[in-house]
Amino acid sequence: MTVDDWAGQSWNYCKPVAKYPSDRQALRDVILEAQSLGLHRDGNRWKVIPEESQRRRMLFWELLNLDARLALSLGRPPSICLDHVDCRRPSYAVPEMYIVPGAQSYHEWKHGFFLHCLTPVLTTAISAQQQPYLRILDVDKTIRDFNVPPTLDIFNLEGIHDNRQLTMQQVLVSSGREIVLLQLHRNFFTEALSDYDAFSYRHKFAPSVVATYLSANRLIATLKALEEREPQLSKRFMCFWFNAFSGAVALSLIVSRTPFLSLAPIALQELDTVHRLFAKVAEECPKVAQALPLLTKIAERSRRSYTQWRKAAEDSSGMEVDLAEKPPHPQATRGVANDGGSPFGTVHADLSRCVQDIDKCPPLAPHELPTFVPQTRPASNAWTEPETRPEQGSPHDLSTDMLALALGRNGDLVSIKRNASDSATTGAGIQRVGNHTFNFDFGALASNVGNQSNTYMSWF
């Protein structure tokens, strides 16, 4: 095959390959073949013509980025070691690429992000040795400080909004950045919320909870911006919808497990935003319609958990909301940072600012809380729950078992706290309930992996 053929093959593999084992193996075969062709070595040593050298470099750097993304999503080492690579970065001034004059191109930013951000995350996230939390926060700072050009910033109000190609580049930049941050913090996020009775803003892993909320928020905002600018095109890229779905799961866990946080009602509002987006396009997009019933149950159960806590708190001596500056409850000191100080003392300014903004938001009145109504008339290709007898389980009943994992057996907050050992989401990774297998990592949300129609995959 020529280099151009391999470029076409690599483009075809740019999809959720982690969903299918055969596709994962196919990608590995492509990478091995690229190495056998010597794409990882500098072609100038072999007197390759400049046009061919440019193609080789562009293809190999795309494979580098794709291999790293897949490795991070699966929690496995990448297939390519940078110590064995001397292939230089390609030239980005080529006619086929859309570049705003005088601005950094998308591909140049992506390859720089791979070198300076994605590679350190791989080193820390999948290391055989447990990394100190300060190291995780340092990598978090590196990612947040990595410059996003104004032309590639989808949240730049003064940027270019009427160019379809540039819009897609902006969405890819935003999604790729936030997914990496979610992958970096996911284990600490789940560990912090696994002991939700003892959680407060002074918990040593509280920054990971705030970072997860912030990234989930931005994934949803990115999808909303894409849908508003390109309503028809947005329905053709399911990865962005499934990324937002993963963000919704994270928000629901925050609300359900820590309704006493000042963050909980704000997370509920974000759940309302993503639910409205899914409901808006469900009739035109079968995959979104398939996920909407599950999203509705997740969001509604989260709202119920928050209202139950709020009613119980108001009926007692007074409603106590855990604010960032409030002294922690004695029960919460089990997770406090080792030096006894605030865990936000060494974090990036974005996280500290986020906590401050959250505390400034007034609590929602009961009538302001969103409600999540199931679809009364599902779309033609929408997923629906089959009728089953009470004693009979169903391989298609995703929502019931998933909510048992995320929110507790009966959704009642008091029962959840009393039966903490019953909760199945005590950590990241695959959990099993009955005959169902669920993976709550941000790279995957799957049930009955053997049944491909029931697999929800979200990664970039």
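See the structure shown above.
Being a predicted model, the structure only gives us computed values, none of them experimental. (Residues numbered from 1 in each chain as written. Predicted model: local features only at pLDDT ≥ 70, side-chain atom pairs only at ≥ 80, totals over all residues. Heavy atoms only, no water.)

## Description of the overall build of the chain
Next, step 1: Broken down by element type, the chain carries 14 helices and four strands.
Next, step 2: Per-residue burial over the chain gives 54% buried out of 460 residues.
Next, step 3: When contacts within the chain are restricted to residue pairs at least 6 apart in sequence, long-range pairs at least 24 apart make up 74% of them.
Next, step 4: Summed over its atoms, the accessible surface of the chain is roughly 21,100 Å², and 51% of this surface lies on carbon and sulfur atoms. (Helix = DSSP H or I, 4+ residues; strand = E, 2+ residues; numbered from the N terminus. Buried < 20%, exposed > 50% of the residue type's maximum accessible area, 1.4 Å probe, protein only. Contact = heavy atoms within 4.5 Å. Areas by Shrake-Rupley, 256 points an atom, 1.4 Å probe, with all protein chains shown as cover.)

## Things to note about the nonpolar core
Next, step 1: Core analysis: the largest hydrophobic core is formed by 108 residues, its most contacted members being Ile143, Tyr213, Trp241, Phe245 and Phe278.
Next, step 2: Take this core: its biggest share by element is 13 residues, from helix H9 (residues 238-257).
Next, step 3: Aside from chain neighbours lying at most four places away, what touches Trp241 is Leu223, Glu227, Ser234, Lys235, Leu277, Phe278, Val281 and Val288. (Core = buried A, V, L, I, M, F, W, Y, C linked by side-chain atoms within 4.5 Å.)

## With respect to the packing of aromatic side chains
Where two aromatic rings form a pair, the distance of their centres and the angle of their planes describe that pair.
Next, step 1: Per the stated rule, a full pass over the model turns up eleven aromatic pairs.
Next, step 2: Ring centres of Phe113 and Phe146 lie 5.8 Å apart, and the angle between their planes is 70°; on these two criteria the pair is classed as edge-to-face. Placement of Phe113 in helix H4 (residues 106-125) and of Phe146 in the loop between helix H5 (133-145) and helix H6 (164-194) is noted, with a sequence separation of 33 residues between them. With respect to burial, Phe113 and Phe146 carry one shared label: buried.
Next, step 3: Here Phe188 and Phe205 contribute two aromatic rings whose centre-to-centre distance is 5.1 Å and whose plane-to-plane angle is 65°, an arrangement assigned as edge-to-face. Highlighted residues: Phe188 in helix H6 and Phe205 in the loop between H6 and helix H7 (206-229), separated in sequence by 17 residues.
Next, step 4: Classification of Phe188 as buried rests on a relative accessible area of 11%.
Next, step 5: Judged by its relative accessible area of 7%, Phe205 is buried. (Phe/Tyr/Trp six-rings, centres within 6.5 Å; stacked < 30°, edge-to-face > 60°.)

## What about H6?
Next, step 1: With 31 residues, H6 should reach 45 Å at 1.5 Å per residue; the first-to-last C-alpha distance of 42 Å fits that figure.
Next, step 2: By the largest-angle criterion, His185 marks the main kink of H6, which is about 50°.
Next, step 3: Burial of H6 is extensive: 25 of the 31 residues sit out of reach of the surface. (Expected span 1.5 Å × (residues − 1). Bend = angle between axes of the 7 residues up to and from the residue.)

## Details of helix H11 (residues 286-315)
Next, step 1: For H11, which comprises 30 residues, the first-to-last C-alpha distance of 44 Å matches the rise-based estimate of 44 Å (1.5 Å per residue) to within 8%.
Next, step 2: If you look at H11, its biggest bend is around 35°, right at Leu292, and the proline Pro293 turns up within four residues after that.

## Topic: the side chain of Ser256
Next, step 1: Locating Ser256 in the fold gives a position in helix H9.
Next, step 2: For Ser256, a relative accessible area of 2% corresponds to the buried category.
Next, step 3: One polar contact links the side chain of Ser256 to the main-chain carbonyl oxygen of Ser252, over a distance of 2.7 Å.
Next, step 4: Here Ser302 takes part through its side chain, which lies 3.3 Å from a polar atom of the side chain of Ser256. (Polar contact = N/O pair within 3.5 Å; in protein donor to acceptor, adjacent residues only side chain to side chain.)

## Quick look at the packing of H7 against H9
The angle between the axes and the distance between the axes are what describe a pair of packed helices.
Next, step 1: For the pair H7 and H9, interaxial distance at closest approach is 9 Å and the crossing angle is 145°. Remark: the crossing between H7 and H9 carries left-handed chirality. For the pair formed by H7 and H9, the contact residues are Val209, Thr212, Tyr213, Ala216, Leu219, Ile220, Leu223, Leu226 and Glu227 on the first element and Phe240, Trp241, Asn243, Ala244, Gly247, Ala250, Leu251 and Ile254 on the second.
Next, step 2: Looking at the contact of H7 with H9 residue by residue, the class counts come to 13 nonpolar, three polar and one charged. (Axes fitted to C-alpha atoms, helices over the stretch in contact; angles between N-to-C directions. Left-handed = near helix turned anticlockwise from the far one by under 90°. Nonpolar A, V, L, I, M, F, W, Y, C, P; charged D, E, K, R; others polar.)

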